[in-house]
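# Observations on chain architecture
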Amino acid sequence: MSKELTTRAADYSQWYNDLVIKGELADYSAVRGCMVIKPYGYALWENMRDQLDRMFKETGHVNAYFPLFVPKSLFEAEEKNAEGFAKECAIVTHYRLKNDPDNKGKLIVDPEAKLEEELIIRPTSEAIIWNTYKGWIQSYRDLPILINQWANVVRWEMRTRLFLRTAEFLWQEGHTAHATKDEAVEETKKMLEVYAEFVENYMAVPVIKGVKTANERFAGAEETYCIEALMQDGKALQAGTSHFLGQNFAKAFDVQFLNKENKKEYVWATSWGVSTRLIGALIMAHSDDQGLIMPPKIAPLQVVIVPIYKGEESKNVIDDKVADIIKELKALGISVKYDNSDNARPGWKFAEYELKGVPVRIALGLRDIENNVVELARRDTKEKKSVAIEGLGSYVKVLLEDIQQNIFNRALAFRNENIREANTWDEFVTLLDTKAGFVSAHWDGTSEAEEKIKEQTKATIRCIPLNNKQEAGKCILTGNPSTQRVLFARAY
RNA sequence: CGGGAUGUAGCGCAGCCCGGUAGCGCACACGUCUGGGGGGCGUGGGGUCGCAAGUUCGAAUCUUGUCAUCCCGACCA
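Now for a quick tour of the structure. None of the values given here were measured: they were computed from a predicted structure. In this convention, every chain numbers its residues from 1, walking through the sequence in written order. Both sets of labels track the order of writing: A upward for chains, 1 upward for ligands. In keeping with the model being predicted, local features are shown solely for residues with a pLDDT of at least 70 and side-chain atom pairs are shown and tallied solely at 80 or more, while totals for entire chains, interfaces and linings include all residues. Remark: hydrogens and water are excluded; side-chain values derive from all non-hydrogen atoms of the structure.

### Focus on the packing of helix H2 (residues 39–58) against helix H6 (residues 181–201)
We count it as follows: Axis geometry follows a simple rule: fit a line to the C-alpha atoms, using only the stretch in contact for helices, then measure angles between N-to-C directions, giving values from 0 to 180 degrees. Strands here mean DSSP runs of E at least two residues long; helices mean DSSP runs of H or I at least four residues long; both are numbered from the N terminus. By convention the crossing between two helices is left-handed if the near helix lies anticlockwise of the far one by an angle smaller than a right angle, and right-handed if it lies clockwise. Between two residues, a contact is recorded if the distance between any of their heavy atoms is within 4.5 Å. Amino acids outside the nonpolar list (Ala, Val, Leu, Ile, Met, Phe, Trp, Tyr, Cys, Pro) and the charged list (Asp, Glu, Lys, Arg) are all regarded as polar, and Gly is one of them.
The interhelical angle for the contact between H2 and H6, taken along N-to-C directions, is 145 degrees, at an axis separation of 11 Å. You can see that H2 and H6 cross each other, and the crossing is right-handed. Two secondary-structure elements touch here, H2 through Met 48, Gln 51, Leu 52, Met 55 and Phe 56 and H6 through Met 191, Val 194, Tyr 195, Glu 197 and Phe 198. Of the residues belonging to the contact of H2 with H6, the class tally is eight nonpolar, one polar and one charged.

Encoded structure:
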């Protein structure tokens, strides 16, 4: 099977879809807007999940699991949150089917089995969790609660895209409860740091940490912190969010505690999440026209070995040699696959593993064995060289670290080249239309101006970067005074 | 929800305008030569043409309806 990929230049969206489908990360399913995550894609998600999970636990969190369904009365308790998600909720109204009397072999919803109260399939779990926390919290001694859950959620999106926006997606959502505002704010920021560290150090995708404007804030939050990444087509992608929820949910669900002075206070809350969308970010940040490029630290497979043989006899010789190499690599904690299957030829395998983004490929035949070398190819630069079998393990280990660093540096350089300042409206519009990327510009801080800019340019304020430099300026739209620049971009 | 497109073999497509025995490439199976960048040759298997009505002697093809998916837009992690 030849797997022709659309190039980025020809059709960026199609290129992305081709990588996901032909790279065997995911497949379309029989359900509109829902995808099947295939084993290779799921292995990637598992690696991401496992690392994040370690980081959450290192920062004091524990995992738990809450129901998929949220009774409507709970869902609507926090008004802003409910309003924000209402338009995209799937709702369970019945609990039973029955045989269709008019159509043999078919089923219909049993009208007798209507639920007293509709159940909302969670688009996010604040409601069900805060309803639960109410029963868990009486005293300041019960705080903080630092819980994370790995779950699926459903958001009935109008238009979906593999990994970037599916109707059902996998994610983690942290939900913490604190006795003081300061502690909750600190938690919000801490988790933003965890996300930034994960995305940069493991996924090799550079991010900008910032705060969302009121318009872009999570429904029900007081403050939304985010990490924003830049894709190769110049569009921004929100890679993770961490919300300071204030006392909104505590008030909505009446969660109070007695403080040390024996006075009742509402609990302070945070929530934070990243999803399978990160896989979309990973693909669009690194990959090229030959296929995916996996960062070694989370690659489902770090090294693939392809034998070059002629006939059974030479295959056996190579198999023996490779067994030693695999042993050495595995001892160093490197994941490795030996593909000596006879149903594809070497050239086909080379292309296939490039498509899948395996960071390092080792090829060897009798010729190499005689010389005690292998041919080693790195996916990020496609550079090939002959490397001694002696000490191959440590060579590969260093190489994997180098690839990890190299793809991060490459993405960082691209990101930095694509942050440009605009000082006038014309400059702003021209930059958006000709260069894409982030545009750093002054904004007067009003929602009205933000809305108008969005209407006219489709660009949104991605964030107000943390530690932003304060400088006097004029809003590019209104000319009103401004104290700092914010980052605009067209976004996914 | 607005606009555009597509449903024919596992995948990608042609055939439809102008109705008359369902075709190509890849994949798959077997054999063989091969093997250092998506192999060659030979043989073979596989499809109620998305679904439902209608027109007709006859429908993949014409008509109507319907369902689904994809792409672009608005919305959104």
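### Points about the sheet that holds strand S20 (residues 373–378)
Put simply, the rule is: In this scheme, strands are said to pair when DSSP sees at least two bridges between them.
Strand order across the open sheet formed by five strands is S18-S17-S19-S20-S21, with mixed pairing between neighbours. Two strands lie at the open edges of the sheet, namely strand S18 (336–338) and strand S21 (384–388), each paired on one side alone. Ignoring strand direction, the axes of neighbouring strands in this sheet form an average angle of 25 degrees. Here S20 runs beside S21; their pairing, made up of five bridges, is antiparallel. The partner of Leu 376 across the bridge, within S21, is Lys 385. Contacts from helix H9 (residues 311–331) reach strand S17 (303–308), S18, strand S19 (360–365) and S20, with the element oriented near 170 degrees to S18. Sitting on the sheet, helix H12 (residues 392–417) is in contact with S17, S19, S20 and S21, with an inclination near 10 degrees to S20.

### Focus on the protein's contact with RNA strand B
Stated formally: Nearness is judged by heavy atoms alone; a residue qualifies as near a molecule or strand once a single heavy atom is within 4 Å of it. Polar contacts here mean pairs of N or O atoms no more than 3.5 Å apart (in protein, one a potential hydrogen donor and the other a potential acceptor; neighbouring residues in sequence count only if both atoms are side-chain atoms).
Around RNA strand B, the surrounding shell holds 44 residues, and the nearest of these are Arg 159, Arg 165, Arg 277, Arg 345 and Asp 368. Among atoms of RNA strand B positioned within 4 Å of the protein, sugar and phosphate together represent 40%. A distance of 2.7 Å is found between a base nitrogen of RNA strand B and a backbone nitrogen or oxygen belonging to Thr 166. Counting residues per element, the ones that place at least two in the surface near RNA strand B are helix H1 (12–22), helix H10 (346–355), S19 and helix H11 (366–371). If you tally residues by element for the surface near RNA strand B, the top one is H10, at seven residues.

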